[in-house]
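Take a look at the letters that make up each chain.
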Amino acid sequence: MRTRLRVVGGLAIAALLVGATACSDDEGPSASVREDGATVDLGDPGDCVVVDLAVSSEKATLMTELAREFNGSDAAELEGGRCAFARPQTKASGLAADLLSTEWDEDAEGPRPVVWSPAASSWGAIVNQRRAAEGLPEIVGEADPFMQTPLVIAMPEPMADALGYPEEPVGWADIIRLSQDPQGWAALGHPEWGPFRLGKTNPNFSTSGLSALIAQAYASAGKTEGLSGEDLAAPAVEESARAVESAVVHYGDTTLTFLNNWYRTDERGTSLTYVSAAAVEEKSVIDYNRGNPDGNLDPGERPQPPRIPLVAVYPEEGTIYSDNPFIVLDAEWVSEEERLAAGVFEDFVKAPENQEKVLEFGFRPGNPDVALADPISADLGVDPGQPATLLETPAPEVMVELLDRWAEQRKSARVTIVLDVSGSMGDPATPDGPESKLDLAKQAAITALDQFKDDDEVGLRIFTTGLGGDGTASYVDLAPPEPIAQNRERLRREIDAQLPREGTPLYETVQDTFDEAVEDYDPLRINAVVVLSDGVNEDLDSSDDEEQLDELIASLRESSSSELAKPIRIFPIVYGESADEDVLRRIAEASNSTVYDASDPATIDRVFAAVVSNF
């Protein structure tokens, strides 16, 4: 029996996929989509001038609320008797920057925006730089922030206390020292916390990741402004960058991966052995300590503060604001009428009464007439008197070089791709298309191989019943984990040659793959398994299914939660509507990872890319 998929957590991926769903017929012309994938009906725009906005995920709920209040109000009236109608959709800042740098496909991504509000203005500079490199005109001009929040190093309170914070300043230099100390936390009298573990997001996707990269570089160069390409090429800066990355447990496309896992392990009393520190925005610390780590509350959901709160550490070398610019794009698809309507909505969100709402959501108001107040307070782990030192946003060409260098400096990975080739993978991927689910999965996996750097070790295992010479094996290895520079073409050929076959021995395959990964664990790499499955466990003997799953979950938790743990992150992809979403989510959470949602097979290409962003 197969379980029909309804909703998968996967908030990070929801943020990436909203564009694909925002323009579906079911949602109507006025629907917007929140960061958590929920569709919000904003009403009928009628004859109003529609202002489509692409906004970063952390302000999705706020912007939807503001749009709902704006639409139909006196504030939305335009000269000549017309009106403006704001329609936000969520786009992760890095994804939107990529789309605006090349081509925005409205069929896949939803309407091209009139207004873009990434988490930080640094993304706008990157878009202009990338477009200039392609001979395209700039589309991002000067823009004012309408709210802001600084990048901080979030730490569990006992760990910040162990460092003497806030009496003793803490900065990136301390992070580097701790991450390189072979004693780990034992050097500070806490061997029970194990090694120092750092959480950072992928700077190609995440504003926090990009801001952390900028702050690290400034700290290593000993500067607070004027960061240059020469600075980045200096051996000491290069060495420092690699040292920081070496402490990373894994990357990820948004900070929600770390915040949700922190919160879940806090419930089990193991948060101090999950991650020691993570680069996040101040707002996220407030949300977490309120008991709402993702910043969104569903109807009936009650926030429950964690047992161990986080403390926002403002790096002594300085930090950078996520300044949330309100950018009216100077693009050929934006009409003068839309530009005027966008200006009216901008005035609305900057009005003092709406800036008070910004504050309620944990951001610092962009309007200086609105003073800082609760929740920017010590009670929630943050300091309204900080940050003491601000860093200058580097020149666009320097930021592009930062990203290029990070691609080689990031921590290397050891990953096994485990691909379901059961019979159901031969089902059509879409009602009208000629391609099977396996066809699309193979294309996505092959495309994703290009995201690995040359020394990442990548292997390939397929699973279904009836494999092997005698037809009794549940899985076979088509390529062992080796540096991908050596086996990229082999992996492509092997993936491309796969055909749909028989059953789905999911539990046995994941358990054995995990056990082998523990045995071959490499502490200098991100050790991970990617599992793509479109079904439920079907191994021809259902009598021990429950026992198998219990043993698997227990072994994953044991490996992931002690001070001596060999963390192997398992990243399951829920593929198609028949995949066992609940089981795959439990597997992900037991390994302190995240499940990814490709219940719509047509999204698998982007989902696979997001999964690989963890490495």
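All values reported here derive from a predicted model rather than from experimental measurement.

1. Some details on the overall build of the chain
So, point 1. For the chain, the count of helices and strands is 21 helices and 18 strands.
So, point 2. Relative to the compact-globule value of 25 Å for 615 residues, the chain shows a C-alpha radius of gyration of 24 Å, a close match.
So, point 3. With the C-alpha coordinates aligned to their principal axes, the bounding extent of the chain is approximately 80 × 60 × 50 Å.
So, point 4. Across the 615 residues of the chain, 60% fall into the buried class.
So, point 5. For the chain, contacts bridging at least 24 residues in sequence account for 76% of all contacts bridging at least 6.

2. Concerning the side chain of S555
So, point 1. Looking at the element boundaries, S555 is found in helix α19 (residues 545-561).
So, point 2. Contacts of S555, omitting those with residues within four sequence positions, involve Q511 and F514.

3. Overview of the pairing of strand β3 (residues 49-55)
So, point 1. Extensive coverage of β3 is indicated by the burial of 7 of its 7 residues.
So, point 2. Alternating residues of β3 divide into V49, V51, L53 and V55 and V50, D52 and A54, and every residue in both groups is buried.
So, point 3. Across 7 bridges, β3 lies against strand β4 (residues 84-90) in parallel orientation. The partner of A54 across the bridge, within β4, is Q89.
So, point 4. Since β3 and β4 lie parallel, the crossover through helix α2 (residues 60-70) that links them has a hand, and here it is right-handed.
So, point 5. The sheet contact formed by β3 and strand β5 (residues 115-117) spans 3 bridges and is parallel. Bridging from a neighbouring strand, L53 pairs with V115 of β5.

4. Regarding the packing of helix α10 (residues 235-246) against helix α15 (residues 396-409)
So, point 1. At a minimum axis separation of 10 Å, α10 and α15 run at an interaxial angle of 60 degrees. The orientation of α10 with respect to α15, classified from their angle, is oblique. Seen along the crossing, α10 lies across α15 with a hand that is right-handed. Every residue of α15 that contacts α10 at E238, A241, R242 and E245 is listed here: R405, W406, E408 and Q409.
So, point 2. Considering only residue class, the contact of α10 with α15 consists of 2 nonpolar, 1 polar and 5 charged.

5. Some thoughts on the sheet that holds strand β13 (residues 413-420)
So, point 1. Ordered by their spatial adjacency, 6 strands build an open sheet running β15-β14-β13-β16-β17-β18, and the pairing between neighbours is mixed. On the outer flanks of this sheet lie β15 (473-483) and β18 (596-598), each paired with one strand and no other. If you compare each strand with its neighbour and ignore which way they point, the axes differ by 15 degrees on average.
So, point 2. With 7 bridges joining them, β13 and strand β16 (residues 526-533) adopt parallel strand pairing. Opposite R414, over in β16, you have N527 as the bridge partner.

6. With respect to the packing of aromatic side chains
So, point 1. Taken as a whole, this structure holds 12 aromatic pairs when the rule is applied.
So, point 2. Geometrically, the ring pair formed by Y263 and Y288 is edge-to-face, given 5.9 Å between the ring centres and 85 degrees between the ring planes. A residue pair is termed long-range when its members are at least 10 positions apart, and Y263 in helix α11 (residues 256-268) and Y288 in helix α12 (residues 282-289) qualify at 25 residues.
So, point 3. Its relative accessible area of 14% is what places Y263 among the buried residues.
So, point 4. Classification of Y288 as buried rests on a relative accessible area of 1%.
So, point 5. On the numbers, 5.4 Å between centres and 80 degrees between planes, the contact of F571 with F615 is edge-to-face. In this pair, F571 sits in strand β17 (residues 569-575) while F615 sits in the segment after α21 (604-612), placing the two residues 44 residues apart along the sequence. Exposure class is identical for F571 and F615. Each is buried.
So, point 6. One aromatic cluster is present, formed by F70, F146, F326, F345 and F348 through successive ring pairs.

7. What about the state of the cysteines?
So, point 1. Counted according to the given criterion, the structure contains 1 disulfide.
So, point 2. C48 shares a disulfide with C83; S-S distance 1.8 Å. Measuring handedness by torsion sign, the sulfur bridge of C48 and C83 sits at about -85 degrees and is left-handed. Of this pair, C48 sits in the loop between β2 (39-41) and β3 while C83 is found in the loop between α2 and β4, placing the two residues 35 residues apart along the sequence.
So, point 3. Here C83 falls in the partly exposed class, since its relative accessible area comes to 22%.

8. What about the sheet that holds β3?
So, point 1. Strand order in the open sheet formed by 4 strands is β4-β3-β5-β11, and the pairing between neighbours is mixed. Every other strand in the sheet has two partners, leaving β4 and β11 (327-328) as the edge strands with one partner each.

9. Describing the confidence of the model for the chain
So, point 1. Across the chain, the average pLDDT comes to 88, with 93% of residues at or above 70.
So, point 2. Confidence drops under pLDDT 50 across residues 1-29; counting only partners more than four residues distant or on other chains, this segment forms 75 contacts.

10. Some points on helix α13 (residues 336-350)
So, point 1. Its 15 residues place the ends of α13 21 Å apart at the C-alpha level, agreeing with the 21 Å of an ideal helix rising 1.5 Å per residue.
So, point 2. On the buried face of α13, the contacting elements are β3, α2, β4, β5, β11 and α14 (352-360).

11. Considering the pattern of salt bridges
So, point 1. This structure, assessed with the given rule, holds 32 salt bridges.
So, point 2. For the salt bridge of D477 with R461, the shortest nitrogen-to-oxygen distance reads 2.6 Å. Separated by 16 residues along the polypeptide, D477 in strand β15 and R461 in strand β14 (residues 457-467) bring together distant segments of the chain.
So, point 3. One salt-bridge network, held together by shared partners, links E238, R242, E401 and R405.

12. Some remarks on the nonpolar core
So, point 1. Judged by nonpolar contacts, the single largest core of 150 residues is most densely connected at W116, M155, L329, I573, F608 and F615.
So, point 2. Looking at which element gives the most residues to this core, the answer is helix α8 (residues 207-221), with 7 residues.
So, point 3. Contact partners of F615, with chain neighbours within four places excluded, come to Y251, R410, A413, V415, F452, I526, A528, V530 and F571.

13. Description of the packing of α19 against helix α20 (residues 581-590)
So, point 1. For the pair α19 and α20, interaxial distance at closest approach is 8 Å and the crossing angle is 25 degrees. In terms of their interaxial angle, α19 and α20 are classed as roughly parallel. Every residue of α20 that contacts α19 at L549, D550, L552, I553, L556, R557 and S560 is listed here: V583, R586, I587 and A590.
So, point 2. Considered class by class, the residues forming the contact of α19 with α20 number 7 nonpolar, 1 polar and 3 charged.

14. So, the environment of V114
So, point 1. Here V114 is to be found in the loop between α4 (106-109) and β5.
So, point 2. Excluding residues that lie within four positions of it along the chain, V114 makes contacts with V51, D52, I327, V328, L329, V334, E338 and A342.

15. Considering the pairing of β15
So, point 1. As paired elements, β14 and β15 share 7 bridges and run antiparallel to each other. Bridge pairing in β15 links L460 to A479.

Scoring rules and cut-offs
- Residues numbered from 1 in each chain as written.
- Predicted model: local features only at pLDDT ≥ 70, side-chain atom pairs only at ≥ 80, totals over all residues.
- Heavy atoms only, no water.
- Helix = DSSP H or I, 4+ residues; strand = E, 2+ residues; numbered from the N terminus.
- Rg over C-alpha atoms; globule rule 2.2 N^0.38 Å.
- Buried < 20%, exposed > 50% of the residue type's maximum accessible area, 1.4 Å probe, protein only.
- Contact = heavy atoms within 4.5 Å.
- Pairing = 2+ DSSP bridges.
- Right-handed = clockwise from strand over helix to strand, strands pointing away.
- Axes fitted to C-alpha atoms, helices over the stretch in contact; angles between N-to-C directions.
- Parallel < 35°, antiparallel > 145°, perpendicular 65-115°, else oblique.
- Left-handed = near helix turned anticlockwise from the far one by under 90°.
- Nonpolar A, V, L, I, M, F, W, Y, C, P; charged D, E, K, R; others polar.
- Phe/Tyr/Trp six-rings, centres within 6.5 Å; stacked < 30°, edge-to-face > 60°.
- Disulfide = S-S within 2.5 Å.
- pLDDT = per-residue confidence, 0-100.
- Expected span 1.5 Å × (residues − 1).
- Salt bridge = Lys/Arg side-chain N within 4 Å of Asp/Glu carboxyl O.
- Core = buried A, V, L, I, M, F, W, Y, C linked by side-chain atoms within 4.5 Å.

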